[in-house]
Structures are given as C-alpha cells and as structure tokens.
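Structural overview for review
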Amino acid sequence: MLPRRRFAEILLGTGFVATAVASLYPVLRYLIPPKATDLGTDSVVAGHAGELKPNSGKIFRFGSRPGLLIRTASGDYRAMSATCTHLSCTVQYRGDLHEVWCACHNGMYDLNGRNVSGPPPRPLELFDVQVRGDEIFVRRHREG
Amino acid sequence: MTLLQNVRQWLNERLEWDDLIEPLRKKSVPLHKLSYWYFLGGITLFLFVIQVLTGILLLLYYRPGANEAFESVQYIMTQVQFGWLIRSIHSWSANLMIFTAFAHMFSVLFLKAYRKPRELTWVSGVLLLFLVMGFGFSGYLLPWNTLAFFATKVGTDIAGQVPVIGKPLLIFLRGGEEVTGATLTRFFGFHVAVLPGLATLLILIHVLLIQRQGISVPAKLELEWKAHPAERREMKFFPNFMLRELMAWYMGLGVLGVLAAIFPWNLGVKADPFSSAPAGIKPEWYFLFMFQTLKLIPAKVGFIDGEVLGVLLFGAVGLLWLLLPFFESDDPSRPKPWISRFAVFALAYVAGMSVYGHLAK
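Note that the structure is predicted; figures quoted are calculated from it, not measured. (Residues numbered from 1 in each chain as written. Chains lettered and ligands numbered in written order. Predicted model: local features only at pLDDT ≥ 70, side-chain atom pairs only at ≥ 80, totals over all residues.)

Notes on the domain arrangement of chain A
- Domains assigned within chain A are domain 1 (1–32) and domain 2 (43–140).
- If you average the C-alpha positions of domain 1 of chain A and of domain 2 of chain A, the two centres end up 54 Å apart. (Domains from an automatic or database assignment.)

Some points on the pairing of strand S3 (residues 65–71) of chain A
Residues and elements named next belong to chain A.
- The element S3 is extensively covered by neighbouring structure, given that 6 of its 7 residues are classed as buried.
- Alignment of strand S2 (residues 56–62) against S3, held across 7 bridges, turns out to be antiparallel. Across the sheet, Ile59 pairs through a bridge with Leu68, a residue of S3.
- Two elements, S3 and strand S4 (residues 77–81), share 5 bridges in a ladder whose sense is antiparallel. Bridged to Arg71 within S4 is Tyr77.
- Counted along the chain from S3 to the antiparallel partner S4, the turn is 5 residues long, and its residue Gly75 has a positive phi close to 100°. (Buried ≥ 20, exposed ≤ 12 C-beta atoms within 10 Å, placed from the backbone. Helix = DSSP H or I, 4+ residues; strand = E, 2+ residues; numbered from the N terminus. Pairing = 2+ DSSP bridges.)

Comments concerning the packing of helix H6 (residues 119–141) of chain B against helix H7 (residues 146–160) of chain B
Residues and elements named next belong to chain B.
- At their nearest, the axes of H6 and H7 sit 8 Å apart, and the two run at 135° to each other. In this view, H6 runs oblique relative to H7, as classed from their interaxial angle. Considering how the two elements wind past one another, H6 and H7 form a crossing that is left-handed. Taking contact as the criterion, the partners of Phe137, Tyr140 and Leu141 in H6 are, on H7, Ala148, Ala151, Thr152 and Gly155.
- Residue classes in the contact of H6 with H7 are distributed as 5 nonpolar, 2 polar and no charged. (Axes fitted to C-alpha atoms, helices over the stretch in contact; angles between N-to-C directions. Parallel < 35°, antiparallel > 145°, perpendicular 65-115°, else oblique. Left-handed = near helix turned anticlockwise from the far one by under 90°. Contact = placed C-beta atoms within 7 Å. Nonpolar A, V, L, I, M, F, W, Y, C, P; charged D, E, K, R; others polar.)

Concerning the sheet that holds S2 of chain A
All names here are of chain A.
- Taken in spatial order, the 6 strands line up as S1-S10-S9-S4-S3-S2 in an open sheet, and their pairing is antiparallel. Strand pairing shows two members of the sheet lacking a second neighbour, strand S1 (43–48) and S2, which therefore form its edges. Neighbouring strand axes in the sheet, compared pairwise and without regard to direction, differ in orientation by 30° on average.

Considerations on the sheet that holds strand S5 (residues 92–94) of chain A
Residues and elements named next belong to chain A.
- Strand order in the open sheet formed by 4 strands is S5-S6-S7-S8, with antiparallel pairing between adjacent strands. Looking at strand neighbours, the two that pair on one side only are S5 and strand S8 (115–117), the edges of this open sheet. Strand-to-strand twist in this sheet, taken as the mean axis angle between neighbours without regard to direction, amounts to 40°.

A closer look at the interface of chain A and chain B
- At the junction of the two partners, chain A supplies 25 residues and chain B supplies 29 residues.
- Those elements that place two or more of their residues in the side of chain A that touches chain B are S2 and S3 of chain A.
- Of the residues belonging to the side of chain A that touches chain B, the class tally is 15 nonpolar, 8 polar and 2 charged.

Points about helix H5 (residues 83–110) of chain B
- Given a rise of 1.5 Å per residue, 28 residues ought to cover 40 Å, and the 40 Å separating the end C-alpha atoms of H5 of chain B matches this to within 8%.
- Phi turns positive, to about 55°, at Lys112 of chain B, one or two residues after H5 of chain B. (Expected span 1.5 Å × (residues − 1).)

Quick look at H7 of chain B
- End to end, H7 of chain B covers 21 Å across 15 residues, agreeing with the expected 21 Å (1.5 Å per residue, within 8%).
- Among the 15 residues of H7 of chain B, 13 are classified as buried, and the element is accordingly described as predominantly covered.

Considerations on the nonpolar core
- Judged by nonpolar contacts, the single largest core of 86 residues is most densely connected at Leu68, Cys89, Val91 and Cys104 of chain A.
- Here this core gets 11 residues from one element, more than from any other, and that element is H5 of chain B. (Core = buried A, V, L, I, M, F, W, Y, C linked by C-beta atoms within 7 Å.)

Focus on the environment of Pro283 of chain B
Residues and elements named next belong to chain B.
- Within the secondary structure layout, Pro283 lies in the loop between helix H11 (237–262) and helix H12 (288–296).
- C-alpha of Pro283 to C-alpha of Gly136: the two residues are 147 residues apart in sequence and 11 Å apart in space.
- If sequence neighbours within four positions are ignored, Pro283 has contacts with Ala151, Leu288 and Phe291.

Structure, rendered in structure tokens:
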C-alpha cells in the first residue's frame with residue numbers, strides 16, 4: 001500500500017507540474033504572433049506604362065512583400081520577388097550590369113531571377129507580367 | 001563627531017555596517033606589470049551604468065511603433081534640449097562598451113584568468129558578451145531607419161537558418177513573417193526590459209564570483225609567487241585600487257563626452273519596407289566579421305546551403321568559446337597550447353575579417 005507521505009508527495013507533485021504546464025502553455029502560445037491575414041494577393045498593379053524607362057526597375061508592393069518590376073533594355077517587362085533568397089534583403093535592378101543585385105551580401109541574379117553569383121542559394125520567384133492599357137499587372141506564376 | 005561618522009554609527013547600530021563592508025577592506029588586487037588590464041571589466045560596468053541612465057532618459061520621449069519611432073528619435077535630436085547629446089552618448093557608450101567587453105574578454109583569455117576555479121566567471125562573462133551584442137542588435141532597430149531595417153531583416157533571417165527551431169525562432173523574433181512594426185515593439189521590449197533584467201542578474205553573479213574568488217594572477221607569476229612568497233605584491237582594493245578605477249572611469253567619461261559631442265550619432269533615413277537595400281550597406285562594426293564571413297561562403301557547400309553552414313559554424317564556435325575553460329588543464333605550469341593558439345587565431349580572425357569587411361565594397 002502507498003504510504004501516506006508518498007501519496008501526499010505524488011498529489012502535490014502532480015499539482016505543481018500541472019500548474020507549471022497550465023501557466024507555461026498560454027505564455028508560450030502568447031509568444032507566437034497570430035497569423036497575419038494575407039488576403040491572398042495574386043495579382044497587383046505594379047506600375048503604369050511609361051513610368052519606367054528602358055533598362056530600369058522599381059520595387060512594388062506584392063501583398064506584404066516587395067516585388068521587383070524591371071523594364072529591360074529592349075523594352076520588355078519582367079517581374080519577380082524582390083526578397084533575396086540568401087538572407088531576405090530587398091534586391092534592386094542594376095542598369096549598368098543588366099542584372100538584379102542584392103546590396104547586402106553582393107548576390108547577383110539574371111533577368112529571369114536565376115541566382116548567378118554570390119551567396120544566394122535559390123532563384124527569385126518569377127511573376128507573370130501583363131500590360132493592359134495603361135496598367136502593368138503582375139500575378140503569381142501558375143504552373144501549366 | 002562629524003556628520004559622516006554620525007551616519008556611520010547610525011548604520012552600524014542597525015545594520016552592522018562595518019561588517020558588511022569588511023570583505024571590501026580585505027580584498028586586494030595583485031600588483032604586476034599587467035595589472036592595468038584589470039581595469040577593463042570595471043570600465044565596461046561603468047559604461048553599462050551610463051547606458052541604463054541615458055536609456056531611461058531616452059525612454060521619456062521615445063515612442064515605439066513603425067509610424068512613430070523614427071519621428072520620436074528625430075524629435076529627441078532636434079526639439080528636446082540636449083536630446084542629441086543624450087542619444088549620442090547612448091550610442092557611443094554602447095559601442096565603447098562592446099569594445100571594452102571584447103577587450104576585457106581577450107585580456108582574460110590571454111592572461112589565462114579563466115582557469116580553475118574561475119570557469120563560471122568566464123561562462124557568465126561570455127553570456128554577458130552575448131547579451132551585450134543582443135542589446136546592440138535590438139537597440140539598433142529602435143530608430144527605425146533604413147540601415148537598421150535591413151540589418152534586422154538579415155539578422156533575424158540568420159536566426160531563421162538554425163536547423164529545426166529556425167522558423168519558429170524567426171517568427172518569435174519578428175512577431176510575424178516579416179520585419180514590421182510588430183518586430184519593433186518586440187525589440188523594444190527585449191531592449192528595455194528583458195535584456196536589462198538578465199544583464200543585471202548576470203552582472204551580479206559575475207561580480208559576486210570575482211568577490212568570492214579574488215582576482216586571478218597570470219599563470220607564470222602565480223607559480224613564481226608560490227615558489228617565492230616574498231615577491232608577492234598586492235594593492236588594497238579599497239580605497240587604493242578603487243580610486244584608480246574611478247580615475248579610469250572619469251577618463252572614460254571624458255572620452256565618451258568628447259566623442260558624443262564632436263561626432264554626434266546620425267539618425268539616417270526612415271525605413272521603407274518597400275525599397276531596395278541601399279548600396280554599401282553594412283552592419284555595425286561588431287557584427288562585421290560574421291557579415292563578411294557569410295558574404296564569402298558560397299551558395300552551396302556540398303549538399304548544405306552556405307548560410308546554414310555559416311550559422312552552424314558560428315554556433316559551434318560560440319559554444320566552444322563559452323565552454324573553453326573546461327578544456328584547459330588544471331595545472332598552471334602546463335597550460336594547453338592549443339587554447340592559446342586558438343585565442344590568437346580568434347583575435348586575428350575577428351580583427352582581420354572586420355577590417356576586410358570595412359574595406360570591401
């Protein structure tokens with residue numbers, strides 16, 4: 001049979017553990033911020049025709065993240081995520097190099113978002129670009 | 001009876017005050033040609049006190065939040081009387097404190113003061129250094145300027161590379177997926193509440209350990225003094241060393257005042273989360289060696305991403321650094337030679353990479 005003291009110890013110990021868990025759990029959950037409601041941005045107006053000169057680029061807002069819209073020297077539009085795949089700095093278009101450059105750690109991408117030199121381990125996500133009238137629409141690339 | 005004696009007697013009758021300060025009177029500081037290195041820890045403590053005082057003053061006007069932080073620091077610097085000076089002292093003192101903490105650490109390392117029985121003093125000191133760097137990192141974001149914004153993006157992303165716990169850690173630090181006003185609020189909380197609490201506790205432990213064990217003597221000298229006790233030279237801590245230390249603090253205050261007044265700290269440009277990282281962006285000097293290393297590691301090393309490898313390497317070296325005394329031999333006449341070589345290499349690496357990072361485009 002369980003001695004009385006041991007029984008009291010188990011009762012008390014279980015109580016303490018339960019109290020600790022009951023106090024810690026809400027605190028730990030509290031530390032994790034609620035998920036931001038991303039309205040599922042799939043398509044945005046990234047700019048207006050004529051806003052960008054050939055061989056230049058601009059940052060636009062794609063949901064909660066920055067995107068990069070480029071007008072190539074030949075006049076085509078390209079759009080891609082502007083978040084560097086290395087350590088998430090915001091990249092920029094370098095007209096002198098005709099490449100996308102990250103100033104933080106000297107990463108380079110080509111106009112298709114492929115990582116060509118420096119530390120970036122992956123390419124930038126490429127977006128689809130459509131020019132409709134005066135507006136340049138950028139949308140997430142859909143496979144197939 | 002003078003006023004001072006009266007106060008002392010009053011305290012003695014109630015608290016046995018003289019007994020309380022007795023250990024301070026017994027405490028002595030070894031006297032040798034390297035004794036001046038003993039000042040560095042005290043100067044670091046002094047600068048910490050300056051940080052607390054100027055930090056409290058800045059709190060009177062600073063407002064955390066993406067729409068207010070930059071403007072409130074601007075207000076402190078342009079409208080509040082001497083606001084520019086208080087902020088400048090806070091920034092300069094932060095940088096000097098990190099410098100003196102590093103110098104103190106390396107002096108302890110080279111004088112082998114971390115040896116048994118002072119392992120825990122070393123551990124608490126290294127943890128304090130990590131905390132101080134945490135202070136630097138969290139405080140850097142508070143003015144919400146462009147450089148700080150990207151530094152925080154990169155810094156938190158580095159934390160996000162840690163295997164397994166990286167992602168939750170990143171969300172915890174940023175208060176979401178991205179660096180936003182939520183990050184600023186969190187960093188503010190870390191900077192003014194969490195870190196000061198932890199640092200105060202650790203400083204108390206650090207100082208109590210030193211008080212308990214006395215000040216270390218370099219290994220060679222310790223052996224010499226053991227063989228010839230008559231050669232042992234000491235100075236009373238109170239008041240002799242204390243007064244010298246106070247003079248060092250006074251000089252530190254002078255240097256700080258001059259730097260803060262002649263080279264006031266810049267505010268920079270307000271952060272815009274939807275702009276590119278500016279060319280030539282670099283972290284503060286004390287993170288430069290890590291920054292430059294991450295820049296040099298290629299995208300892929302074997303099957304592992306370069307930045308993950310960098311984070312793992314720095315983590316491993318940091319852990320080794322923290323536990324260094326436990327690898328040292330207990331016999332002062334036979335120190336482990338690899339530890340000295342490692343220390344020299346570490347100093348050369350940190351200094352060399354920092355200079356390289358500073359000069360590199």
